Amino acid sequence: MIIDTHVHIGDQFDFYMTEEMVLKAMKKYNIAYAIVSNADAVEVDHEQKLIPKCAQISQEDNLTRILDFAKA
């Protein structure tokens, strides 16, 4: 059994990974389980500068997305 312990979903800056892309990769590489974090939860950019509040996604929304993905 393969368990991937470092997987992200989200669309921030130069990173883009959907739930569907993760599931496809898991199937392709025979991964049984993955521990997934939501990259949309970031508050700073690559240079550690705070991104505008209007561009941030709430922690509650991020956690809800992860929970919905896990349930699916």
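Residues numbered from 1 in each chain as written. Predicted model: local features only at pLDDT ≥ 70, side-chain atom pairs only at ≥ 80, totals over all residues. Heavy atoms only, no water.

## Concerning the nonpolar core
Formally: In this description, a nonpolar core means a group of buried Ala, Val, Leu, Ile, Met, Phe, Trp, Tyr and Cys residues linked to one another through side-chain atoms lying within 4.5 Å. Only protein chains enter the calculation, and the probe is 1.4 Å; a residue is then buried if its accessible area is under 20% of its type maximum, exposed if over 50%, and partly exposed in between. Runs of E in the DSSP output that reach at least two residues are strands. Runs of H or I that reach at least four are helices, and both are numbered from the N terminus. Pairs of residues are marked as contacts when any of their non-hydrogen atoms sit within 4.5 Å.
If you look at the biggest cluster of nonpolar residues, it comprises eight residues: V7, I9, V22, M26, I31, V36, I66 and F69. Breaking this core down by element, the ones donating at least two residues are β1 (3-12), α1 (19-28) and α2 (59-71). Apart from residues no more than four positions distant in its own chain, V7 is found in contact with V22, A34, I35, V36 and S37.

## Looking at the confidence of the model for the chain
Here is the rule: Every residue is assigned a pLDDT by the predictor, reflecting its confidence on a scale from 0 to 100.
Confidence in the prediction of the chain, expressed as mean pLDDT, is 93, and 100% of residues score 70 or more. Across the chain, element-level confidence peaks in α1 with a mean pLDDT of 97 and bottoms out in α2 with 93.

## Looking at unusual backbone geometry
Its identity is not glycine, yet N30 carries a phi of approximately 60°, on the positive side. Relative to the helices and strands, N30 is located in the loop between α1 and β3 (33-38). By relative accessible area, N30 is classed as exposed at 60%.

## Topic: the side chain of N62
Quick reminder of the rule: Polar contacts here mean pairs of N or O atoms no more than 3.5 Å apart (in protein, one a potential hydrogen donor and the other a potential acceptor; neighbouring residues in sequence count only if both atoms are side-chain atoms).
Secondary-structure assignment places N62 in helix α2. A residue is classified by how much of its surface remains accessible, and N62, at 3% relative accessible area, is buried. Within polar-contact distance, the side chain of N62 engages the backbone oxygen of S58 at 2.9 Å. Non-local contacts of N62, meaning those with residues more than four positions away in its chain, are made with N38, D40, A41 and I57.

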